[in-house]
Amino acid sequence: MGVNIVANFVSPAYDLANVWPQKITFRIGGMISTVAALVVTPWNLFSNPTVVNYFLGGLGAFLGPLFGVIMVDYYLIKRGRVDVQELFDATPGSRYYYRKGVNPKALWAFLPAAGVAAVLALVKTFSDVAPYSWFIGTALGAGLYLLICRTERTAPEPVEV
């Protein structure tokens, strides 16, 4: 019970508090996440095994491409090197700012890969390959991101801390 409370309450409360820190405190974020959890009534959703299967398939269809993009970016594009000081610099023009805080190349790789993986996971016609949608989405996301970034393979200089 303690792990479930921490996993399902503390993290969303902090996430909501970080979205708008001037107005949302940890306590208010906790109240918002509690009300949202009650409104969704997950006990009704997960009482049906088919709903659980579709939920997990859909979740995997979006997490797979995200994982693929992150792994290619870290290991192949940046070659495992991260400038830690720049990582926490949110000013425009900093190394990891990208475009208004969003990496457009990653987004262009993620969206079609997630779309394909979601179709494979959720459309009944593809039920034979649905269990592999995470792997397919991961491969598509990674491949598309590598293709988009093929000219940008220089690693940042390591920073001594």
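Residues numbered from 1 in each chain as written. Predicted model: local features only at pLDDT ≥ 70, side-chain atom pairs only at ≥ 80, totals over all residues. Heavy atoms only, no water.

A.B. asks: How would you sum up the packing of helix H4 (residues 49–77) against helix H7 (residues 133–148)? Please name residues and give values.
C.D. replies: Contact geometry of H4 with H7 gives a least axis separation of 7 Å together with a crossing angle of 35°. Like other packed secondary-structure pairs, H4 and H7 cross with a definite hand, here right-handed. Contacts between H4 and H7 involve Gly57, Gly60, Leu63, Gly64, Pro65, Phe67, Gly68, Val69, Val72, Asp73, Leu76 and Ile77 from the first element and Ser133, Trp134, Gly137, Thr138, Gly141, Ala142, Tyr145 and Leu146 from the second. Grouping the amino acids of the contact of H4 with H7 by side-chain chemistry returns 11 nonpolar, 8 polar and 1 charged. (Axes fitted to C-alpha atoms, helices over the stretch in contact; angles between N-to-C directions. Helix = DSSP H or I, 4+ residues; strand = E, 2+ residues; numbered from the N terminus. Left-handed = near helix turned anticlockwise from the far one by under 90°. Contact = heavy atoms within 4.5 Å. Nonpolar A, V, L, I, M, F, W, Y, C, P; charged D, E, K, R; others polar.)

A.B. asks: Could you give me a rundown of H4, with the residues and numbers involved?
C.D. replies: For H4, with 29 residues, the first-to-last C-alpha span of 40 Å sits near the 42 Å given by 1.5 Å per residue. Looking only at H4, the buried set comprises Gly57, Gly58, Gly60, Ala61, Gly64, Pro65, Gly68, Val69, Val72, Asp73 and Ile77. One side-chain oxygen of the residue at the start of H4 lies 3.0 Å from the amide nitrogen of Thr50, identifying that residue as Asn48. Immediately beyond the C-terminal end of H4, within one or two residues, lies Arg79, with a positive phi of roughly 50°. (Expected span 1.5 Å × (residues − 1). Buried < 20%, exposed > 50% of the residue type's maximum accessible area, 1.4 Å probe, protein only. Polar contact = N/O pair within 3.5 Å; in protein donor to acceptor, adjacent residues only side chain to side chain.)

A.B. asks: Which residues make up the environment of Tyr96, and what values go with them?
C.D. replies: Relative to the helices and strands, Tyr96 resides in the loop between helix H5 (84–87) and helix H6 (104–122). What makes Tyr96 buried here is its relative accessible area of 14%. A distance of 3.0 Å separates a polar side-chain atom of Tyr96 from the backbone nitrogen of Asp83.

A.B. asks: Describe in detail the packing of H6 against H7, supporting the description with residues and values.
C.D. replies: Between H6 and H7, the shortest axis-to-axis distance is 8 Å and the interhelical angle comes to 155°. As judged from the angle between their axes, H6 and H7 are roughly antiparallel. The hand of the H6/H7 crossing is right-handed. Where H6 approaches H7, its residues Lys105, Ala106, Trp108, Ala109, Pro112, Ala113, Val116, Ala117, Leu120 and Ala121 are matched on the opposing element by Ser133, Ile136, Gly137, Leu140, Gly141, Leu144, Tyr145 and Ile148. Its residues assigned to classes, the contact of H6 with H7 shows 14 nonpolar, 3 polar and 1 charged. (Parallel < 35°, antiparallel > 145°, perpendicular 65-115°, else oblique.)

A.B. asks: Explain the packing of aromatic side chains residue by residue, including any values.
C.D. replies: The tally for this structure, following the rule as stated, stands at 5 aromatic pairs. The interplanar angle of 85° and the centroid separation of 6.2 Å between the aromatic rings of Phe9 and Phe26 together place this pair among those described as edge-to-face. On the criterion of sequence distance, the pair formed by Phe9 in helix H1 (residues 2–19) and Phe26 in helix H2 (residues 26–40) is long-range, its members being 17 residues apart. Among the residues examined, Phe9 registers a relative accessible area of 29% and is labelled partly exposed. The exposure class assigned to Phe26 is partly exposed, which follows from its relative accessible area of 34%. What links up through ring pairs into an aromatic cluster is the set Phe9, Tyr14 and Phe26. (Phe/Tyr/Trp six-rings, centres within 6.5 Å; stacked < 30°, edge-to-face > 60°.)

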